[in-house]
Structure formats: C-alpha cells, structure tokens
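# Survey of secondary and tertiary structure
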Amino acid sequence: MNLSGPDGDTRARTDGEGVEYGNEPSDEILVQEALAGRERAFLELYRRHRRYVLTLVVRTSGRQADAEDLVQECFVQMHGALGSFGGRARFRTWFHGIVVRVCHSSTRARLAQKRRGDSDAVEMDDILLETIPSPEDHGAGARELRDWIQPCLDKLGLSHRLPLVLHIFSQLDHSEIARVLSIPEGSVKSRLFNARQRMAKCLDIHGE
Amino acid sequence: MTERDWEDLLRRKEFDLPKERWARLEVDLLRRIREPVAPLAWHQRLVTGAIGALRWLRPVPVAAGLASLFLSLGWWYLHEHRSAGSVAQIEELKGWTAGAVLHSDSLKVMNWGAARCTLALQGDVRRLEGEGGQRLRLEKGRIRFGVQPRRPNEVFSVEFGSCKATVVGTAFTLQVDSLGAIASVEHGKVRIDALSGLSRLLTQGQSLSCRDLTQGPVHKNDAVEPIATPKPPVPVVAVPSSLEEQEWERLWSGCKQPSEKCTESLAAYLQSHPTGERAGKCAQLWADRSMARGDYRDALYALDLAAHANAGELSFKARLKACSIKAMELNQASQALKDLDALLVGLPEGVRKSAAMQLRADLVAREKNSGSDPANLP
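As the structure is a computational prediction, the values presented were derived from the model and not from experiment.

### Remarks on the overall build of chain B
Summing up its helical and strand segments, chain B has 13 helices and 11 strands in all. A total of 378 residues make up chain B; the buried ones form 30% of that total. Residue pairs at least 24 apart in sequence account for 41% of intrachain contacts in chain B once pairs closer than 6 positions are excluded.

Take a look at the structure:
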C-alpha cells in the first residue's frame, strides 16, 4: 500500500500489510487500541493515512473541491465502523472499502446536484480547485499529471476509474480490488484492461 | 509518453495540505467523533437493516439459489412425487383402485413411477397392492406393455398365471387363456420369474410359456406367438463344437465395449449354455456392466446366473458379490446375511470360507454402525 508516514517524518513506508512503520505499532494494533477507546491511536491512524486518502479521493472522485470533506467523512465512517473490523480482511482492504463507498456516495450526490442545475456546487469546484496547494505543481511530470493524465482519468466512468486507481495508485492486486468493489475478479481484470486501453487512446490524442 | 510513464507518475505523485490546515481538520475530526451518536429512529433502523441484509445476501447468488431450488422442487415433483403405479391420463384409469379389475379392449396410457406405460389391453387386469408396492396381474386376455423410460432401480413387473414378468427392456406382450400363460418380448429384455423361484430372461423375439418355466427347460428362440396367428415353437438345434467355439469367439470379441446388443448376446448365450466356465464369465461380465449402469437388480439377476453356472471360483465370487450388493446397494442387509449364512453352511475351511466370513463381519459391522438393532441381525 502506498501509505506515507505522518507528515514530515521519515518513517519507512508500509509493505502493504500495515506493519512496517519502523518500531511503530501496526494498523491492526492501532485499530484494537482505538476500539478500546484510546483517541491517540485513532489520531495516529489518521495521521498515518490522511495524505494517502486525500490523494485517493481526488484521483477517484476527480475533484479537489470537496476533497477535505471527503477525507474527514472517510475517517468519521471508519471510526464508526471500527467495531466491524474483525481482522478477517486486512486493514487496507477494509479501509479501501470505506473510502470507495464514500467516493461513490459523493459522486452520486454531485451528479444529482448537477442534474438539478445547482450552479453553486459547480462554482465552488472552480474556487477550491485553485486553493489546494500540491507538490504536483513542482517537479518532473507534475504538469503532465495535472493537464493530461488526470483529465483522461476523469473521462473514465467510475466503474473503470476505481479499479484503475486502486490498482496503479493503491497497488492493490486483483483479488483485493474485487473484494473492495464487491465484484468478481474477472470483472476487475476486464475493467482494468479496458481502462488502460482508453487511457492510452486518450493520452495519444493529447500527445499529438 | 508511454504507458509505463503515466502509470509511474500516477503512482508517485500525492496531494498534500499545509500543516496548519491538517491541524484544523484534526480538531474538526475529533469534535465529530466525540459527538454522541443519536440513536436511529425505528424506520431508519429498518432501512439500515434492509440495506445490510441485501448487501449480505448478494442478490445474484440468492436469485440463482432460489431458481435452482424451485427447479429442483419441480423436478422432484415430476419424477418422485408420483408414487409407483400412480395412474393418470384417463378418467377410467383414475378410478382403477387397488384390487379392482380393469376390463378393456383399447389402448391406455398410465404412469408407473417415472415410466410411461402404454397398455394395449384385450382382457382383464387386476391392480394389486401389498409388500413391494403396487403390482398388476393379468387375469385373462392379452396385454402389450410399452414401458419407457425406466429408471435404473425401478422395477416394473406384472403377474400372469403362476409367473411374474419383470421389465428389463421396453416392450412385451403377455397372454393368459385356456392354453396357459405366455410372455412374448418385442424389444429389450424381460425377466420371467416363476412362483417356484425359477427365472429366465427373455430377449427380443423370444417367447415363453409359464408352464415351460415351471415344469421344464426353456427353449431358445421360441417363436413369438402373435394372438391372431399362433406359430409352433421352433425346436432347438444342437450346435456343433466348432460352431460353439466360433459363437463364443464372436460373442466375446463383440463385447469389448458395453452395449445393449452385447447384453442381449450374453443373455442369449447364457440361455443356450447355462452352465460352465464360459457361462460364468458371461454372467459376470453382464453383472459388471449392469453395476456400472447402476442397475443393481439386473446385476443381481446376472450374478444369480453366474452362481448357478457351476463355474467354480467364479460362481462362488458371484454369490459373495450378490450378498454385497444386497447389503450395500439395495438395503437388504438381513437378506444378505441370511444368504451368506446359507453359503457358509458346509463350506470347508480355506480361502473361500475366510472371504465369506470377512464379508459377513463387514456387513454386521456396517449394520451396527448404521444403527440397526444387533438383535435383529441373523
């Protein structure tokens, strides 16, 4: 899993099992502690994953406007659902399920708003888009990502964008994506194949 | 830009917020999770529960499961629910209760278990009910049966005179008149059992008088006797030894693969040569094929032929195998044990006796494990 450590520190990244934060407790242990009522454990989970969740939310929903709200919603829902984490699935698979549900709900609400012609929502998009500073604005590839790749991603439907983002950005394997999205593994493979083809086609058009 | 490039960019680049903004969000998050959660109203709980149940049930597998359940129930109703001998199709047959005589000279169609039976009746048929389910008995006249399809373990038999005809194949005719009771087979095979315990298998084109079975040997290729133009039986011609060899070779080489024709050839050979090593081999092969088909009653019949073929070791093994089938496949453990005991009487000490004793011990242990009262075992 492409999860970073707390802000600004130099901790090692996890190996996907949520257990390699140097000598820090694993995600699963933090969940147990949070369940026991220790707020610090939950805050540690938040600090550990918030940047990753922010990026995942923006890539998935295609919007930066309400990304902060979505991140907060993801963590609030995770807090409410801590009791249902029985350890059968890995933490990251379980948490991705929550993030995907939140993004789904947000996308549906936004589409409904647009259908109703709610111009405020669209305007707010444009205002907030400029206010989120991002390291993408610096360094190699930042411009390509912002101007070419993200627009192509946005053009994909949610059913194709989600598996692609979970596979490439989150580095989940096919079976994990299938569990997160509650679809068969074969569907994950076919959607990934189609999404990659559409991305390649879209990027070629931009490159010409 | 290659595919590898854009995927790499997507993987590496992350969004971030200034620290003070994260700190503000953190405070907001703590405030939200500390807020007491208002209990859900009953209708909210109902909706939440329904959504949770739907998510848990997964509609597609549930729909598939329900569809398979209904299909299975339908299949069961069509094939199992009808009791053996249930009569359908014609009002007249519906009123044909046990013990009553059906007098008719027309074509009837009735269901017998899974089989559809066509009766071309010219006479009286009585419907009997007793041990072993429902049976038919031809009192007088002539009746032609067409029985198909027949399930492997389903027995269709009709009593006539002092004999009983059991369908192994498909179509046969029975006749009872002042001259006696005669069975003629048009297709497939029919086993004729006399009340005295003797039995013979008739194949296509053969006919047999019940009196012949009870009083004397059966002749091969007795002519089929149509009612209108009865023909005299054709006498059996003794087959020369060399021809016998050729017949055996032809039969054995033609029976490499299981087929209806092969079974008929085996049955015909057994009728003309009921004893000897070859008869034992034929009957054994027939039994093996029947067991492979799951037709254990047919297999029992073939094993009975093998047992009476005086084929030495083969006959002994056939008797053991018959006991085993009765116990394991036909739930007749008590009968199997009685047969075994009869077999053991007078059997000298040796390999055969050990094998029989071993089988008996296995059957007794199996019966005990299945919960039968040991006191009821012979």
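### Considering the overall build of chain A
Scanning chain A from terminus to terminus reveals 9 helices and 0 strands. Starting at the N terminus and walking to the C terminus, you meet the elements of chain A as α-α-α-α-α-α-α-α-α. The proportion of buried residues among the 208 residues of chain A is 35%. Taking the contacts inside chain A whose residues are at least 6 apart along the sequence as the reference set, 61% of them involve residues at least 24 apart.

### A look at the packing of helix α2 (residues 39-61) of chain A against helix α7 (residues 158-168) of chain A
Residues and elements named next belong to chain A. At their nearest, the axes of α2 and α7 sit 9 Å apart, and the two run at 150 degrees to each other. The angle between the axes of α2 and α7 places the two elements in the roughly antiparallel class. Every pair of crossing elements has a handedness; the one defined by α2 and α7 is right-handed. Here Leu56, Arg59 and Thr60 of α2 lie close against α7, whose contacting residues are Arg161, Leu162 and Val165. For the contact of α2 with α7, the per-class residue count stands at 3 nonpolar, 1 polar and 2 charged.

### Some points on the pairing of strand β6 (residues 163-167) of chain B
A regular strand places its side chains on the two faces of the sheet in alternate fashion. Residue and element names in this part refer to chain B. Side chains Cys163, Ala165 and Val167 of β6 all project onto a buried face; the interleaved residues Lys164 and Thr166 project onto a face where none is buried. Relative to β6, strand β5 (residues 157-160) is paired through 4 bridges, and the arrangement is antiparallel. In the sheet register, serine 157 faces β6, and the bridge partner there is threonine 166. Connecting β5 to the next strand, β6, in antiparallel fashion are 2 residues, including glycine 161 with a positive phi near 55 degrees. Bridge analysis of β6 against strand β9 (residues 190-194) gives 5 bridges, and the strand direction is antiparallel. Across the sheet, residue threonine 166 finds its bridge partner in β9, namely arginine 191.

### Some details on the environment of glycine 80 of chain A
All names here are of chain A. By the element assignment, glycine 80 lies in helix α3 (residues 67-81). Owing to 12 C-beta atoms within 10 Å, glycine 80 belongs among the exposed residues under this scheme. Each C-alpha atom of the pair glycine 80 and leucine 35 lies 9.9 Å from the other, and the pair is 45 residues apart in sequence.

### As for the confidence of the model for chain B
Residues and elements named next belong to chain B. Of all residues in chain B, 73% attain a pLDDT of 70 or more, and the chain-wide mean is 73. Under a pLDDT of 50 for its full length, residues 83-91 has, in the predicted model, 17 contacts with residues more than four places off or in other chains. Between residues 217-240, whose pLDDT stays under 50, and residues either more than four places distant or in other chains, the model counts 34 contacts. Predicted complex, confidence summary: ipTM 0.74, pTM 0.40.

### Side note on unusual backbone geometry
All names here are of chain A. The backbone of glutamine 171 shows a phi angle near 55 degrees, a positive value even though the residue is not glycine. For glutamine 171, the location among the structural elements is in the loop between α7 and α8 (174-181). One non-glycine residue with positive phi stands out, namely serine 182, at about 55 degrees. Structurally, the position occupied by serine 182 is in the loop between α8 and α9 (185-207).

### Looking at helix α4 (residues 91-116) of chain A
Residues and elements named next belong to chain A. If you check α4, its first and last C-alpha atoms are 38 Å apart, about what 26 residues at 1.5 Å a residue would give, namely 38 Å. For α4, the complete set of buried residues consists of Phe91, Arg92, Trp94, Phe95, His96, Ile98, Val99, Val100, Val102 and Cys103. For α4, the elements touching its buried residues are α1 (27-35), α2, α3, α7 and α8.

### Comments concerning helix α11 (residues 313-328) of chain B
Residue and element names in this part refer to chain B. An ideal rise of 1.5 Å per residue puts 22 Å on 16 residues; α11 measures up with 22 Å between its terminal C-alpha atoms. By the burial criterion, the buried members of α11 are Ser315, Ala318, Arg319, Leu320, Lys321, Ala322, Cys323, Ile325, Lys326 and Ala327. As for α11, its buried residues are in contact with α9 (277-293), α10 (296-307), α12 (333-344) and α13 (351-369).

### Some points on the environment of histidine 96 of chain A
Structurally, histidine 96 of chain A can be placed in helix α4. With residues near it in sequence (within four places) discarded, histidine 96 of chain A still touches Leu166, Ser170, Leu172 and Val180 of chain A.

### Digging into the nonpolar core
Ranked by internal contacts, the top residues of the largest apolar core, which has 58 residues, are Phe160, Ala183, Ala283, Leu303 and Ala306 of chain B. Sorting elements by how many residues they give to this core places α10 of chain B first, with 9 residues. Apart from the residues within four sequence positions on either side, leucine 303 of chain B is in contact with Ala283, Ala287, Ala318, Lys321 and Ala322 of chain B. Membership of the second largest hydrophobic core comes to 52 residues, among which are Val53, Phe75, Val99 and Leu166 of chain A.

### What to know about the confidence of the model for chain A
Mean pLDDT over chain A: 75, with 74% of residues reaching 70 or higher. Per-residue pLDDT stays below 50 along residues 120-138 of chain A; that stretch engages in 23 contacts with residues further than four places along the chain or on separate chains.

### Examining the pairing of β9 of chain B
One ladder, built from 4 bridges, connects β9 of chain B with strand β10 (residues 199-202) of chain B; its direction is antiparallel. Counterpart to aspartate 193 of chain B in the pairing with β10 of chain B is serine 199 of chain B.

### Thoughts on the packing of α7 of chain A against α8 of chain A
For any two helices packed against each other, the geometry is given by the interaxial angle and the distance between the axes. Residue and element names in this part refer to chain A. Two elements in contact, α7 and α8, have axes whose closest approach is 10 Å; the angle formed by their N-to-C orientations is 135 degrees. Overall, the two elements α7 and α8 adopt an arrangement that is oblique. In this structure, α7 crosses over α8, and the sense of that crossing is right-handed. In contact with Leu162, Pro163, Leu166 and His167 of α7, α8 contributes Ile177, Val180 and Leu181. Class assignment for the residues of the contact of α7 with α8 results in 6 nonpolar, 1 polar and no charged.

### As for the environment of glutamate 139 of chain B
All names here are of chain B. For glutamate 139, the position within the fold is in strand β4 (residues 133-148). The sequence separation of glutamate 139 and leucine 102 amounts to 37 residues, and the corresponding C-alpha distance is 9.7 Å. Setting aside chain neighbours within four positions, we find glutamate 139 in contact with Val101, Asp124, Val125, Arg126 and Val176.

The rules behind these values
- Residues numbered from 1 in each chain as written.
- Chains lettered and ligands numbered in written order.
- Predicted model: local features only at pLDDT ≥ 70, side-chain atom pairs only at ≥ 80, totals over all residues.
- Helix = DSSP H or I, 4+ residues; strand = E, 2+ residues; numbered from the N terminus.
- Buried ≥ 20, exposed ≤ 12 C-beta atoms within 10 Å, placed from the backbone.
- Contact = placed C-beta atoms within 7 Å.
- Axes fitted to C-alpha atoms, helices over the stretch in contact; angles between N-to-C directions.
- Parallel < 35°, antiparallel > 145°, perpendicular 65-115°, else oblique.
- Left-handed = near helix turned anticlockwise from the far one by under 90°.
- Nonpolar A, V, L, I, M, F, W, Y, C, P; charged D, E, K, R; others polar.
- Pairing = 2+ DSSP bridges.
- pLDDT = per-residue confidence, 0-100.
- Expected span 1.5 Å × (residues − 1).
- Core = buried A, V, L, I, M, F, W, Y, C linked by C-beta atoms within 7 Å.

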